[in-house]
Amino acid sequence: KPGTRLTVSVNALTLDADGKQMRAPAPLAAFSYFGQQMPPKGFEVALLGDTPASQAAAHANIAEILRLGGDLAGAKTHAKAADDLLRGVDERLFAAFNNDQLGEIARAEDDLASARKLLVQGLQWASQAKHLTYAAECRMSLARTELDANRPVEAEKFARDALTDLQHAKDTRLQACATAL
(Lines give C-alpha, C1' and ligand atoms only; values in the text may rest on other atoms or scores of the structure.)
Protein backbone atom coordinates (compact mmCIF):
# COMPACT_ATOMS: atom_id res chain seq x y z
CA LYS A 1 0.00 0.00 0.00
CA PRO A 2 1.46 3.40 -0.88
CA GLY A 3 2.88 5.19 2.14
CA THR A 4 3.33 1.99 4.13
CA ARG A 5 6.80 1.22 5.40
CA LEU A 6 8.12 -1.86 7.20
CA THR A 7 11.49 -1.54 8.94
CA VAL A 8 13.20 -4.75 10.02
CA SER A 9 16.14 -4.80 12.42
CA VAL A 10 17.52 -7.36 14.83
CA ASN A 11 15.81 -5.47 17.67
CA ALA A 12 12.40 -4.68 16.23
CA LEU A 13 9.79 -4.77 13.50
CA THR A 14 8.28 -1.36 12.86
CA LEU A 15 5.29 -0.80 10.60
CA ASP A 16 4.35 2.76 9.61
CA ALA A 17 0.95 3.02 7.92
CA ASP A 18 -1.82 5.59 7.76
CA GLY A 19 0.01 7.91 10.17
CA LYS A 20 0.24 5.21 12.84
CA GLN A 21 3.18 3.16 13.98
CA MET A 22 3.18 -0.39 15.34
CA ARG A 23 6.35 -1.72 16.87
CA ALA A 24 7.13 -5.23 18.03
CA PRO A 25 10.42 -6.14 19.70
CA ALA A 26 12.78 -8.84 18.42
CA PRO A 27 11.21 -10.28 15.27
CA LEU A 28 10.61 -14.01 15.16
CA ALA A 29 11.03 -16.00 11.95
CA ALA A 30 8.54 -18.67 10.93
CA PHE A 31 9.38 -20.80 7.95
CA SER A 32 6.08 -22.66 7.63
CA TYR A 33 2.43 -22.02 8.32
CA PHE A 34 1.21 -24.42 5.73
CA GLY A 35 1.38 -27.84 7.42
CA GLN A 36 1.56 -30.56 4.76
CA GLN A 37 0.80 -28.12 1.92
CA MET A 38 3.42 -26.39 -0.16
CA PRO A 39 3.81 -22.67 0.61
CA PRO A 40 2.86 -20.20 -2.11
CA LYS A 41 5.43 -19.63 -4.81
CA GLY A 42 8.04 -17.15 -3.63
CA PHE A 43 7.33 -17.64 0.10
CA GLU A 44 10.53 -17.73 2.11
CA VAL A 45 9.86 -16.62 5.64
CA ALA A 46 7.21 -14.80 7.70
CA LEU A 47 8.38 -12.27 10.25
CA LEU A 48 6.32 -12.14 13.43
CA GLY A 49 6.34 -9.68 16.27
CA ASP A 50 5.15 -10.10 19.83
CA THR A 51 3.33 -6.91 20.86
CA PRO A 52 2.62 -5.72 24.40
CA ALA A 53 -1.08 -6.41 23.77
CA SER A 54 -0.45 -10.06 22.87
CA GLN A 55 1.81 -10.45 25.91
CA ALA A 56 -0.92 -8.87 28.05
CA ALA A 57 -3.48 -11.32 26.66
CA ALA A 58 -1.23 -14.23 27.65
CA HIS A 59 -0.86 -12.85 31.19
CA ALA A 60 -4.64 -12.31 31.49
CA ASN A 61 -5.29 -15.90 30.34
CA ILE A 62 -2.79 -17.23 32.89
CA ALA A 63 -4.45 -15.04 35.55
CA GLU A 64 -7.82 -16.62 34.77
CA ILE A 65 -6.41 -20.15 35.00
CA LEU A 66 -4.67 -19.40 38.32
CA ARG A 67 -7.76 -17.64 39.75
CA LEU A 68 -10.01 -20.56 38.86
CA GLY A 69 -7.45 -22.88 40.46
CA GLY A 70 -7.55 -20.85 43.67
CA ASP A 71 -4.14 -19.18 43.37
CA LEU A 72 -5.26 -15.58 43.87
CA ALA A 73 -1.74 -14.26 44.51
CA GLY A 74 -0.43 -15.76 41.27
CA ALA A 75 -3.51 -14.58 39.39
CA LYS A 76 -3.09 -11.05 40.72
CA THR A 77 0.59 -11.00 39.71
CA HIS A 78 -0.25 -11.98 36.12
CA ALA A 79 -3.29 -9.67 35.88
CA LYS A 80 -1.20 -6.73 37.12
CA ALA A 81 1.53 -7.62 34.60
CA ALA A 82 -1.13 -7.52 31.87
CA ASP A 83 -2.37 -4.20 33.21
CA ASP A 84 1.17 -2.76 33.08
CA LEU A 85 1.63 -3.95 29.48
CA LEU A 86 -1.68 -2.39 28.43
CA ARG A 87 -0.98 0.99 30.01
CA GLY A 88 -0.80 3.57 27.24
CA VAL A 89 -1.95 1.10 24.56
CA ASP A 90 -5.44 1.37 23.04
CA GLU A 91 -6.44 -2.29 23.31
CA ARG A 92 -9.88 -2.13 24.91
CA LEU A 93 -10.71 -5.75 24.19
CA PHE A 94 -7.71 -7.13 26.09
CA ALA A 95 -8.15 -4.48 28.77
CA ALA A 96 -11.80 -5.50 29.25
CA PHE A 97 -10.85 -9.16 29.67
CA ASN A 98 -8.07 -8.26 32.09
CA ASN A 99 -10.36 -6.01 34.14
CA ASP A 100 -12.79 -8.92 34.40
CA GLN A 101 -9.92 -10.97 35.91
CA LEU A 102 -8.88 -8.17 38.27
CA GLY A 103 -12.53 -7.64 39.28
CA GLU A 104 -13.05 -11.32 40.01
CA ILE A 105 -9.84 -11.37 42.07
CA ALA A 106 -11.03 -8.33 44.07
CA ARG A 107 -14.41 -10.04 44.57
CA ALA A 108 -12.69 -13.20 45.83
CA GLU A 109 -10.72 -11.02 48.25
CA ASP A 110 -14.06 -9.54 49.40
CA ASP A 111 -13.22 -6.06 48.07
CA LEU A 112 -16.57 -5.54 46.38
CA ALA A 113 -16.16 -1.80 45.78
CA SER A 114 -12.92 -2.34 43.83
CA ALA A 115 -14.43 -5.31 42.01
CA ARG A 116 -17.43 -3.24 40.94
CA LYS A 117 -15.21 -0.36 39.71
CA LEU A 118 -12.94 -2.68 37.69
CA LEU A 119 -15.86 -4.59 36.20
CA VAL A 120 -17.81 -1.48 35.20
CA GLN A 121 -14.68 -0.16 33.43
CA GLY A 122 -14.21 -3.55 31.74
CA LEU A 123 -17.84 -3.50 30.61
CA GLN A 124 -17.37 -0.02 29.12
CA TRP A 125 -14.25 -1.10 27.24
CA ALA A 126 -15.88 -4.29 25.94
CA SER A 127 -18.89 -2.26 24.79
CA GLN A 128 -16.64 0.29 23.05
CA ALA A 129 -14.82 -2.58 21.32
CA LYS A 130 -18.24 -3.96 20.33
CA HIS A 131 -17.43 -7.35 21.84
CA LEU A 132 -20.68 -8.65 23.29
CA THR A 133 -19.18 -11.82 24.78
CA TYR A 134 -16.60 -9.93 26.88
CA ALA A 135 -19.30 -7.44 27.85
CA ALA A 136 -21.45 -10.38 28.97
CA GLU A 137 -18.58 -11.84 31.00
CA CYS A 138 -18.16 -8.50 32.79
CA ARG A 139 -21.93 -8.35 33.40
CA MET A 140 -21.92 -11.88 34.85
CA SER A 141 -19.03 -10.93 37.14
CA LEU A 142 -20.98 -7.83 38.17
CA ALA A 143 -24.01 -10.04 38.89
CA ARG A 144 -21.90 -12.27 41.15
CA THR A 145 -20.49 -9.16 42.85
CA GLU A 146 -24.00 -7.83 43.50
CA LEU A 147 -25.10 -11.22 44.88
CA ASP A 148 -22.11 -11.15 47.24
CA ALA A 149 -23.24 -7.67 48.32
CA ASN A 150 -26.75 -9.05 48.95
CA ARG A 151 -28.25 -6.98 46.14
CA PRO A 152 -30.26 -9.57 44.16
CA VAL A 153 -32.29 -7.04 42.14
CA GLU A 154 -29.14 -5.46 40.68
CA ALA A 155 -27.63 -8.92 40.15
CA GLU A 156 -30.66 -10.08 38.18
CA LYS A 157 -30.45 -7.08 35.82
CA PHE A 158 -26.77 -7.75 35.08
CA ALA A 159 -27.48 -11.46 34.51
CA ARG A 160 -30.41 -10.74 32.16
CA ASP A 161 -28.37 -8.18 30.23
CA ALA A 162 -25.50 -10.70 29.97
CA LEU A 163 -27.89 -13.29 28.54
CA THR A 164 -29.16 -10.75 26.00
CA ASP A 165 -25.58 -9.92 24.97
CA LEU A 166 -24.78 -13.61 24.53
CA GLN A 167 -27.93 -14.24 22.49
CA HIS A 168 -27.11 -11.31 20.18
CA ALA A 169 -23.53 -12.59 19.85
CA LYS A 170 -24.90 -16.10 19.14
CA ASP A 171 -22.54 -17.38 21.84
CA THR A 172 -24.27 -20.45 23.28
CA ARG A 173 -21.32 -21.65 25.38
CA LEU A 174 -21.87 -19.06 28.17
CA GLN A 175 -25.67 -18.70 28.02
CA ALA A 176 -26.14 -21.41 30.66
CA CYS A 177 -23.85 -19.48 33.02
CA ALA A 178 -25.88 -16.28 32.59
CA THR A 179 -29.13 -18.21 33.06
CA ALA A 180 -27.82 -19.88 36.22
CA LEU A 181 -27.10 -16.50 37.80
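As the structure is a computational prediction, the values presented were derived from the model and not from experiment.

(A) Up close: the confidence of the model for the chain. A residue-level look at the chain finds 97% of positions with pLDDT of 70 or above and a mean pLDDT of 88. In the model of the chain, strand 4 (residues 28–30) stands out as the element of lowest mean pLDDT, 71, in contrast to helix 4 (residues 112–128), which has the highest, 97.

(B) Representation of the nonpolar core within the structure. Counting residues in hydrophobic clusters, the biggest one holds seven residues: Ala-96, Leu-119, Leu-123, Ala-126, Ala-135, Cys-138 and Leu-142. Every element with two or more residues in this core is listed here: helix 4 and helix 5 (132–148). Not counting residues within four places of it along the chain, the set of residues in contact with Leu-123 comprises Ala-135, Cys-138, Arg-139 and Leu-142.

(C) Local environment of helix 3 (residues 92–108). Taking 1.5 Å of rise per residue, 17 residues should cover 24 Å, and helix 3 covers 24 Å from first to last C-alpha, within 8% of that figure. In terms of burial, helix 3 is a largely internal element, 12 of the 17 residues being buried. Ala-95, Ala-96, Phe-97, Asn-98, Asn-99, Asp-100, Gln-101, Leu-102, Gly-103, Glu-104, Ile-105 and Ala-106 are the residues of helix 3 that are buried. Taken together, the buried residues of helix 3 touch helix 1 (52–68), helix 2 (72–86), helix 4 and helix 5. Positive phi appears at Asp-110, one or two residues downstream of helix 3, with a value of about 65°.

(D) Representation of a nonpolar patch on the surface in the model. Taken together, the side chains of Leu-6, Val-8, Leu-15, Met-22 and Leu-47 make up a nonpolar region of the molecular surface, amounting to roughly 460 Å² of accessible area. Among the residues examined, Leu-6 registers a relative accessible area of 53% and is labelled exposed.

Parameters at a glance
Residues numbered from 1 in each chain as written. Predicted model: local features only at pLDDT ≥ 70, side-chain atom pairs only at ≥ 80, totals over all residues. Heavy atoms only, no water. pLDDT = per-residue confidence, 0-100. Helix = DSSP H or I, 4+ residues; strand = E, 2+ residues; numbered from the N terminus. Core = buried A, V, L, I, M, F, W, Y, C linked by side-chain atoms within 4.5 Å. Buried < 20%, exposed > 50% of the residue type's maximum accessible area, 1.4 Å probe, protein only. Contact = heavy atoms within 4.5 Å. Expected span 1.5 Å × (residues − 1). Patch = residues over 30% accessible without salt bridge, like charges linked within 9 Å, V, L, I, M, F, W, Y side chains within 5 Å. Areas by Shrake-Rupley, 256 points an atom, 1.4 Å probe, with all protein chains shown as cover. Salt bridge = Lys/Arg side-chain N within 4 Å of Asp/Glu carboxyl O.

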